[in-house]
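Each chain is listed here by its residues.
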Amino acid sequence: MALTIASREIDGVTVLDLSGRITLGEGSVQLRDAIRDLISKGQKNILLNLGEVNYIDSSGLGELVSAYTTSKNLGATLKLLRLTKKVHDLLQLTKLYTVFDIFDDEASAIASFK
Amino acid sequence: MESVGEVEATAERLATEAGLDEDQTFHIAMAVREATVNAVLHGNDYDPARQIDVIFENTGEDFIFTITDEGRGFDPDHLPDPSAPENLLRGTGRGIFLIRSLMDEVHFRQLHPGTELTLIKHLAPAAGKT
């Protein structure tokens, strides 16, 4: 299943609800464009909800890292919400778990931006 | 890249049919996908005139995928460790690391030209029986 991205605003935080796969050719470019679009519009607080992302490959992991560094370099903050077991395991395996701020609870994630 | 999806789906189906559990099936399908992406993009430089070959074998003890490209080859022993602190924020370079992490054995053979990559998952005794 290709990646779908829905956007919503809560207390100054843009939540991107991602659903599907983030892989080479299936979502990586969409995610990159969505992040760049948000930052170009001046959004500073971005929360990626990965609760419906059932698959991510090395390209998708690289895209998450790029989203993180791009956000940071441009003065924005990007955090992750609700990892599926597969994505969680891959972030641990690659030690990317140490890079991101990761939350299971949306309210806590939103509050962390204040 | 359609061939990558086909190979990945085939690996997943074969692993499921062999009785491997969900995690093992995921690991095999992902490793095979990463190896095939590497063969198409980095091995064959996305050249449609070059082929990749994928061979599957279930010996009863091992689940084996062999993926061969027609590219220039590379030295797998001198790749940067993507999990090292200085490399964590790199956007690329995690494919071979994931393959090695997800499979029980990974062997590279340089063919001049081309690279043959063999991925092995050891089967639990019950999973290998038919």
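See above for the structure.
Residues numbered from 1 in each chain as written. Chains lettered and ligands numbered in written order. Predicted model: local features only at pLDDT ≥ 70, side-chain atom pairs only at ≥ 80, totals over all residues.

Hey, could you go over the overall build of chain A for me, with residue numbers and the actual values?
Across its full length, chain A holds four helices and five strands. Reading the secondary structure of chain A in the N-to-C direction produces β-β-α-β-α-β-α-β-α. Taken against the 2.2 N^0.38 rule, which gives 13 Å for 114 residues, the C-alpha radius of gyration of chain A at 13 Å falls within 12% of a compact globule. Across its three principal axes, chain A shows a C-alpha extent of roughly 30 × 25 × 25 Å. (Helix = DSSP H or I, 4+ residues; strand = E, 2+ residues; numbered from the N terminus. Rg over C-alpha atoms; globule rule 2.2 N^0.38 Å.)

Describe the overall build of chain B, and please don't skip the residues or the numbers.
Helix and strand counts for chain B stand at four helices and four strands. Helices and strands in chain B line up, N terminus first, as α-α-β-β-α-β-β-α. For chain B, the C-alpha radius of gyration of 15 Å lies close to 14 Å, the compact-globule estimate for 130 residues. Dimensions of chain B, computed from C-alpha atoms along their principal axes, come out at roughly 40 × 40 × 25 Å. Per-residue burial for chain B yields a buried fraction of 35% across its 130 residues. Here the analysis covers contacts within chain B between residues at least 6 apart in sequence; of these, 60% occur between residues at least 24 apart. (Buried ≥ 20, exposed ≤ 12 C-beta atoms within 10 Å, placed from the backbone. Contact = placed C-beta atoms within 7 Å.)

Residue-level account of the interface of chain A and chain B, with values.
Chain A puts 15 residues into the contact, and the matching count from chain B is 16 residues. Put simply, the parts of the chain that give the side of chain A that touches chain B at least two residues each are helix 2 (58-73) and helix 3 (85-93) of chain A. Broken down by element, the side of chain A that touches chain B gets its largest block of residues, six residues, from helix 2 of chain A. Its residues assigned to classes, the side of chain A that touches chain B shows six nonpolar, six polar and three charged. (Nonpolar A, V, L, I, M, F, W, Y, C, P; charged D, E, K, R; others polar.)

How would you summarise the packing of helix 2 (residues 22-43) of chain B against helix 3 (residues 95-102) of chain B if you had to cite specific residues and measurements?
All names here are of chain B. Viewed as axis vectors pointing N to C, helix 2 and helix 3 meet at an angle of 150°, and their least axial separation amounts to 9 Å. As summarised for this structure, helix 2 and helix 3 are arranged roughly antiparallel, according to the angle between their axes. The element helix 2 and its partner helix 3 pack so that their crossing is left-handed. Between helix 2 and helix 3, the residues in contact are His27, Met30, Ala31, Glu34, Ala35, Val37 and Asn38 and Gly95, Leu98, Ile99 and Leu102, respectively. Of the residues in the contact of helix 2 with helix 3, the class split is seven nonpolar, three polar and one charged. (Axes fitted to C-alpha atoms, helices over the stretch in contact; angles between N-to-C directions. Parallel < 35°, antiparallel > 145°, perpendicular 65-115°, else oblique. Left-handed = near helix turned anticlockwise from the far one by under 90°.)

Pulling in residues and values, what's your account of the sheet that holds strand 4 (residues 77-81) of chain A?
One key point about sheets: their strands pair by backbone hydrogen bonds, in either a parallel or an antiparallel sense. All names here are of chain A. One open sheet accounts for five strands, arranged 1-2-3-4-5; its pairing is mixed. At either end of the open sheet lies a strand with only one pairing partner, and these are strand 1 (4-10) and strand 5 (102-103). In this structure, strand 2 (residues 13-22) lies alongside strand 3 (residues 45-56), joined through eight bridges in parallel fashion. The partner of Leu16 across the bridge, within strand 3, is Leu48. Packed on one face of the sheet, helix 1 (residues 28-40) meets strand 1, strand 2 and strand 3 and runs near 170° to strand 2. (Pairing = 2+ DSSP bridges.)

With reference to specific residues and values, describe the sheet that holds strand 1 (residues 53-58) of chain B.
Residue and element names in this part refer to chain B. Across the sheet, four strands lie side by side as 1-2-4-3; this open sheet has antiparallel pairing. Looking along the sheet, the strands with just one partner apiece sit at the ends: strand 1 and strand 3 (105-110). Along the sheet, successive strands turn relative to each other by an average axial angle of 15°, direction set aside. Contacting strand 1, strand 2 (62-68) and strand 4 (115-122), helix 2 crosses the sheet at an angle of about 175° to strand 4.

Kindly report on the pairing of strand 2 of chain A, identifying the contributing residues and their values.
The side chains of a regular strand alternate, residue by residue, between the two faces of the sheet. All names here are of chain A. One ladder, built from seven bridges, connects strand 1 with strand 2; its direction is antiparallel. By the bridge assignment for strand 2, Thr4 is matched with Ser19. Taking the residues between adjacent antiparallel strands as the criterion, strand 1 and strand 2 are bridged by two residues, where Asp11 takes a positive phi near 50°. One crossover worth recording links strand 2 to the parallel strand 3 by way of helix 1, and it is right-handed. (Right-handed = clockwise from strand over helix to strand, strands pointing away.)

Break down the environment of Ile67(B) for me, citing the residues and quoting the values.
Residues and elements named next belong to chain B. One can find Ile67 in strand 2. For the pair Ile67 and Thr118, spaced 51 residues apart in the sequence, the C-alpha separation amounts to 6.4 Å. Filtering out sequence-adjacent residues up to four positions away, Ile67 remains in contact with Ala35, Thr36, Ala39, Ile52, Val54 and Leu117.

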